[in-house]
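# Coordinates in review
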Amino acid sequence: MKTLVTGGAGFIGSNFVRHLARTHPDWPIVVLDKLTYAGRRENLQDLEGHPGFEFVQGDITDPQAVARTMDGCAYVVNFAAETHVDRSLYDAGSFIHTDVHGTFVLLEEARRSRTLRTFVQISTDEVYGSVPTGSSRETDPLMPRNPYSASKAGADRLAYSYWATYGLPVLVTRASNNYGSHQFPEKIIPLFVTHAIDDIPVPLYGDGLNVRDWLHVDDHCRAVEMLLTQGAPGETYNVGGGNEVPNIELTKRILALVGKPESLIQPVTDRMGHDRRYSLDCSKLRAMGWSPQVPFERGLAETVEWYRAHPEWWRPLKEANPAFREHYQRHYRG
Ligand code: NAD
Ligand code: DAU
C-alpha cells in the first residue's frame, strides 16, 4: 500500500503524513516536495526512522522525479501546490505552472502505473467562488474568481477528465479553510496569532465581514485517509468544518486567546476580488460516516498554544526570511 504524498512537507501534507504513519504504520510513504518557501523538511522531523518513510526533494512538474517516486505506489495524494491567494494576485504564473501543469504531469505518470488504486486530487472550496447564501454541493457549477482558485479549478477538472477519459481511479476533494499546527505564518490564523504575540497590529481586510468555514487539519486528514480506500473513482467530495465565522469575529477570538487588546486590529485595503463567503454542503461525506471531530473553540485554542510553544518554528519563517518579508512588504505596502 505504498503511498506517494506530494507537497508532504507543507502544512496539510505534513499533518497527513503523520496521520497516515499513525493509522497505517505498515504502509511505505514517499514524500515528493520541492521545498518552496512554504515547505519545510523539519515539518517531517518526527518521521525520521519510521519504517518505509522516504523524502525526495523534487518538483511535480518534473516527469522524472514523478516517475521515480510514483513507482510501485498504490495511492497518490496530490497536496503540492502554490496555495496563497494573495501571492496569486501578483504571481499567477507560478500557480498555473505548479497547480495545473504539475497535476497534469502526475496524472500522465499515473496513467502508466500498473499498481495505482486511488489518486486523490486535493482541490478547494474556493473553486465554487463566492457563495452569498446556502451551501455548495459537489454538483454545483464552478465559478473561481482569483488566479489561485482558477488554477485549482483547472487541476480539479483535469483530474476528473483522466477518470472520464482514461478510467484512471481519480477522486477529488474540496476542503474548506484548514487550521492547525505547521501552517506557514502568512495565512490569517498563524499570521494574526504570531503578530499578536509580538504586539504587531493585525491587518484585517476590508470590513472584516468575509466568512470562512474553519476545518481542523486533523479532521481533513481523516477524511482523505478514509477516501483512499472508500472513495469512488470519478467522484468529488466536499470536506467542511461547519464553522462559518466572519473574519472580524475570528480576529477577536484570536486576540482574546493570546491575551491582547482589540486595538491591535488594523483595518487595511481589501484583497482584490475578495470572495465574500464560502460554505460547503458535506452531506455526501457525512453519509459515509465522516464528521468533523474537533470543536472550533478547542481547536483554535490548541492552535494558538502550539504557536505560542513553538517560536523556534515560526520566528525564522517571519524574521530574516526574504520569502516572507518580500511578500509582506509588497502585498501590504510596507
Ligand atoms: P502549503 O503551502 O503549506 O504547502 C504546499 C506544499 O507544496 C509545500 O510543502 C511546497 O514546498 C510544496 N510544493 C509547492 N510547489 C511544488 C512543486 N512544484 N513540486 C513539489 N512540491 C511543491 O499548502 P497547504 O495549505 O498545506 O495546502 C495543501 C493543499 O491543500 C493544496 O493543494 C491546497 O490547494 C489545498 N487546500 C488547502 C486548504 C487550506 O486551508 N490550507 C484548504 C483546501 C485545500
Ligand atoms: O478556502 C480554502 C482556501 O483557504 C485554500 O484553498 C487556500 O489554499 C488557503 O490559503 C485558504 O485561502 P484564504 O484566502 O481563505 O486564506 P487566508 O488565510 O489567506 O485568508 C482567510 C481570510 O482572512 C480571507 O477572507 C482573507 C482574510 N485575511 C487574510 C490575510 C492573510 C485578512 O483579513 N488579512 C490577512 O492579512
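Report on the accompanying structure. Just so we're clear, the structure is a prediction, and the values are computed from it rather than from any experiment. (Residues numbered from 1 in each chain as written. Chains lettered and ligands numbered in written order. Predicted model: local features only at pLDDT ≥ 70, side-chain atom pairs only at ≥ 80, totals over all residues. Heavy atoms only, no water.)

## Considerations on empty space enclosed by the protein
Defined as follows: As defined here, a cavity is a set of points on a 1 Å grid over the protein atoms alone where a 1.4 Å probe fits but cannot get out. A pocket is an open set with protein on both sides within 12 Å along at least five of seven lines, and residues line them when an atom is within 4 Å of a point. Grid points are joined across faces, edges and corners, and a volume is the space filled by probe spheres set on the points.
Enumeration according to the criterion identifies two cavities of 30 Å³ or more in this entry. In this model, the second largest cavity occupies a volume close to 40 Å³. Contributing to the lining of the second largest cavity are Val85, Glu126, Asn146, Arg212, Arg271, Met272, Gly273, His274, Asp275 and Tyr278.

## Regarding the pattern of salt bridges
Stated formally: A carboxyl oxygen of Asp or Glu within 4 Å of a side-chain nitrogen of Lys or Arg is what we treat as a salt bridge. For the purposes of this entry, the term helix denotes a DSSP run of H or I that reaches at least four residues, the term strand denotes a run of E that reaches at least two, and both are numbered from the N terminus.
Applying the stated criterion across every chain yields a total of 22 salt bridges. Of the charged contacts, one joins arginine 276 and aspartate 207 as a salt bridge, the two residues approaching to 2.7 Å between their closest N and O atoms. One end of the pair, arginine 276, is in the loop between strand S12 (265–268) and helix H9 (283–286); the other, aspartate 207, is in the loop between strand S8 (202–205) and strand S9 (211–216), and 69 residues separate them in sequence. Among the charged side chains, a salt-bridge network with shared partners connects Asp156, Arg157 and Arg174.

## With respect to the packing of aromatic side chains
Centre-to-centre distance and the angle between the planes together describe a pair of aromatic rings. Short version of the rule: Think of it this way: a Phe, Tyr or Trp ring, Trp meaning its six-membered ring, pairs with another when their centres are within 6.5 Å, and the plane angle makes it stacked under 30 degrees, edge-to-face over 60, tilted otherwise. Type-normalised accessible area, obtained with a 1.4 Å probe on protein chains alone, sets the label of each residue: buried when under 20%, exposed when over 50%, and partly exposed for intermediate values. Only Lys NZ and Arg CZ are tested; either one counts as a charge over a ring when it is within 6 Å of the ring centre and within 35 degrees of the ring normal.
All told, the structure shown has 14 aromatic pairs when counted by the stated rule. Look at phenylalanine 16 and phenylalanine 79: their rings are 5.4 Å apart centre to centre, the planes differ by 50°, and that puts the pair in the tilted class. Taken as a pair, phenylalanine 16 in helix H1 (residues 11–23) and phenylalanine 79 in the loop between strand S4 (75–78) and helix H3 (85–88) lie far apart in primary sequence, 63 residues in all. This pair shows no difference in class: phenylalanine 16 is buried, exactly as phenylalanine 79 is. A ring pair is formed by tyrosine 179 and phenylalanine 296, whose centres lie 5.2 Å apart and whose planes are at 85°; its orientation type is edge-to-face. With tyrosine 179 in strand S7 (residues 177–179) and phenylalanine 296 in helix H10 (residues 296–309), this residue pair connects regions lying 117 residues apart in the sequence. Like phenylalanine 296, tyrosine 179 is buried. Feature note: the residues Tyr205, Phe324, Tyr328 and Tyr332 constitute an aromatic cluster, connected by ring pairs. Lying over the aromatic face of tyrosine 166, arginine 111 brings its terminal NZ or CZ to 3.6 Å of the ring centre.

## Topic: the sheet that holds S9
Operational definition: Pairing between two strands requires that DSSP report at least two bridges joining them. Lines fitted to C-alpha atoms define the axes, with helix axes restricted to the stretch in contact, and inter-axis angles between N-to-C directions lie between 0 and 180 degrees.
One open sheet accounts for three strands, arranged S7-S9-S11; its pairing is mixed. Either end of the sheet is taken by a strand with one partner, and the two such strands are S7 and strand S11 (244–246). Mean inter-strand twist for the sheet, computed between neighbouring axes without regard to direction, equals 50°. Pairing of S7 with S9 involves three bridges; the strand directions are parallel. Opposite tyrosine 179, over in S9, you have histidine 216 as the bridge partner.

## Re the site of ligand 1
Using the following cut-off: Throughout, the term near means that a residue has one or more heavy atoms lying within 4 Å of the molecule or strand in question. The definition of a polar contact used here is a pair of N or O atoms within 3.5 Å, where within protein one atom must be able to donate a hydrogen and the other to accept one, and adjacent residues in sequence count solely through side-chain atom pairs. In short, Shrake-Rupley with a 1.4 Å probe defines the accessible areas, and a residue's cover is counted only from the protein chains shown. In this classification, the charged set is Asp, Glu, Lys and Arg, the nonpolar set is Ala, Val, Leu, Ile, Met, Phe, Trp, Tyr, Cys and Pro, and all remaining amino acids, among them Gly, are polar.
Neighbouring residues of ligand 1: 28 residues in total, closest Ile12, Asp33, Thr83, Tyr148 and Lys152. A distance of 3.5 Å is found between an oxygen atom of ligand 1 and a backbone nitrogen or oxygen belonging to leucine 35. Interatomic distance of 2.9 Å between a side-chain N/O atom of aspartate 59 and a nitrogen atom of ligand 1. If ligand 1 stood free it would expose 830 Å²; the protein chains cover 97% of that surface. If you list the elements that add at least two residues to the shell around ligand 1, you get H1, strand S5 (118–124), helix H5 (147–166) and S7. Of the residues forming the shell around ligand 1, the biggest block, three residues, is contributed by S5. Looking at the shell around ligand 1, its residues break down into 12 nonpolar, 12 polar and four charged.

## Let's talk about the state of the cysteines
Should the sulfur atoms of two cysteines be covalently bonded, the bond is a disulfide. Put simply, the rule is: Cysteine sulfur pairs qualify as disulfides if the two atoms are within 2.5 Å.
As enumerated under the stated definition, the model contains zero disulfides in all. We note that cysteine 73 lacks a disulfide partner, and the nearest cysteine sulfur, in cysteine 221, lies 18 Å from it. Cysteine 282 carries a free sulfur, and the closest cysteine sulfur to it, the one in cysteine 221, is 16 Å from it. Take cysteine 282: its relative accessible area is 9%, and that puts it in the buried class.

## Quick notes on the site of ligand 2
By nearness alone, 25 residues border ligand 2, and Asp125, Tyr148, Arg271, His274 and Tyr332 come closest of all. Measuring from an oxygen atom of ligand 2, one finds a side-chain N or O atom of tyrosine 148 at 2.6 Å. Separating an oxygen atom of ligand 2 from a side-chain N or O atom of arginine 271 is a distance of 2.6 Å. Here ligand 2 loses 95% of its free accessible area of 680 Å² to cover by the protein chains. Taken together, the elements giving at least two residues each to the shell around ligand 2 come down to H3, helix H6 (188–197) and S8. Tallied by class, the residues present in the shell around ligand 2 amount to 10 nonpolar, eight polar and seven charged.

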